[in-house]
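# Topology and contacts: notes
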Amino acid sequence: MTVPKPRPEILGIQPYVAGESDLPGINRVLKLSSNEGAFGTPPSARQAIIDALDEVFRYPDGSARRLREAIGKRFGLDPDRIVCGAGSDDLLYQCALAFGGPGREIIMSAHGFAIYKIAGDYAGSRVVKVPERNLTADLDAMLAAVTPATRLVFLANPNNPTGSMLPAADVARFQAALPAHVLLVLDSAYAEYVTHPDYEPGIKLVDASDNTIMTRTFSKIFGLGGMRIGWCYAPPHIVDVLNRTRGPFNVSVAAQAAAIAALSEPGWVEAGRAHNTKYRPILADGIAATGVKVWPSEGNFVMADFGTVEQANAADEFLRSHGIIVRKIGGYGLPHCLRITVGTAEEVGLVIEAFQELARHTNG
Ligand SMILES: *Cc1c(COP(=O)(O)O)cnc(C)c1O
């Protein structure tokens, strides 16, 4: 049969597997599989979406000017150096397509965020996954992987799904050692959660260089994953590229309104970070007390390491039978681990109880 065929590399793409959201036959489901914020939609964003309803017959402001100004004000950045996207994924794709391409290589760490590989494959680039050290990006090995064909490096900090964080000084040294023709995309999707003193989300590096951009999202701490809104901070020449390639109306009327409102929701980010700082160790210690290794994390999630694929799968089945959906991460090369989002206090308690029961079940 003759049918329209895409470029050959397209059919080599492994489709993104999203965190699942329901379990047939179970009424109350705890969805801890997608690192969404624990507290729902910010009330002011909810109202802004309702208020935007009468405006949705019009196209959005394609330049997202008011939103860029609000982001600029909040983070102390020049709005002219900000580009908004339909989720930060949108911007990661634009980077891969614009700077990658056939004959061009893209570098990521072995357990880096799945979208980097998908976007790089889509661009027709060779995507080089560099082995990690102790489940943390090995920056020296990534530098050693740079060739004349390298055009882009994707680096999530903290990384999803491992939760590992790279200190600011290490990232700065890495950036300084990269050839000037290589674009460094620092994905700081979890920046707002980080409390570690050695962390820098990338703003300083973007300011200090011509080949670094930082991506951020409203999908995690800001509680707007379903609206699809993210942004990046970049040098003017990269802003220019992204403004040529992105969809002209890539961020909807409702998404822009919601994000502007979420930015000024009083205390929202502070409360989300404080909750995470308190409950992430409670979750991690609670799981570790049942004999399951938990890797250190700076995000709003932890990674439980069961040692074997069989035990991870059995734990996943057990949690599902208790209405708890976590994230299998075999696609990240970590089939012996599960990633678990830090939920509300009650959800954290229910996860720990389930792990305790699992341990009794397994040992009994
Ligand atoms: C969740 C996440 C994103 C955000 O994606 P959006 O498209 O903005 O929802 C980006 N990078 C990483 C590493 C993530 O975990």
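One can find the structure itself at the top, above this paragraph.
Attention in this report is confined to the structure presented alongside it.

About the criteria used
- Residues numbered from 1 in each chain as written.
- Predicted model: local features only at pLDDT ≥ 70, side-chain atom pairs only at ≥ 80, totals over all residues.
- Heavy atoms only, no water.
- Helix = DSSP H or I, 4+ residues; strand = E, 2+ residues; numbered from the N terminus.
- Expected span 1.5 Å × (residues − 1).
- Salt bridge = Lys/Arg side-chain N within 4 Å of Asp/Glu carboxyl O.
- Buried < 20%, exposed > 50% of the residue type's maximum accessible area, 1.4 Å probe, protein only.
- Contact = heavy atoms within 4.5 Å.
- Pairing = 2+ DSSP bridges.
- Axes fitted to C-alpha atoms, helices over the stretch in contact; angles between N-to-C directions.

## A few points about helix H3 (residues 88-99)
A rise of 1.5 Å per residue sets the reference length of H3, with its 12 residues, at 16 Å; its end C-alpha atoms lie 16 Å apart and thus fit the reference within 8%. Backbone geometry just after H3 places glycine 101 at a positive phi near 130 degrees.

## Quick word on the pattern of salt bridges
Summed over the entire model, instances satisfying the criterion amount to 13 salt bridges. In this structure, glutamate 105 engages arginine 126 in a salt bridge whose closest nitrogen and oxygen atoms are separated by 3.3 Å. Of this pair, glutamate 105 sits in strand S3 (residues 105-109) while arginine 126 sits in strand S4 (residues 126-130); the two residues are 21 residues apart in sequence, bridging distant segments of the chain. Note that arginine 320 and aspartate 316 form a salt bridge whose closest N and O atoms lie 3.1 Å from each other.

## Some thoughts on helix H2 (residues 65-75)
Three or more residues of H2 are buried, namely Leu67, Arg68, Ala70, Ile71 and Gly72. In this fold, the buried residues of H2 make contact with strand S2 (82-85), strand S8 (230-233) and helix H9 (253-263).

## Focus on the sheet that holds strand S5 (residues 150-156)
Pairing is mixed in the open sheet, where 7 strands are placed in the order S2-S8-S7-S6-S5-S3-S4. The open sheet has two edge strands, S2 and S4, and neither has a second partner. Strand-to-strand twist of the sheet, defined as the mean angle between neighbouring strand axes without regard to direction, takes the value 20 degrees. Bridging between S3 and S5 involves 3 bridges; their strand directions are parallel. When the bridges of S5 are listed, isoleucine 107 appears paired with valine 153. Packing of helix H6 (residues 168-177) onto the sheet brings it into contact with S5, strand S6 (183-187) and strand S7 (212-217), and relative to S6 it is tilted by some 160 degrees. Packed on one face of the sheet, helix H8 (residues 236-245) meets S2, S6, S7 and S8 and runs near 30 degrees to S2.

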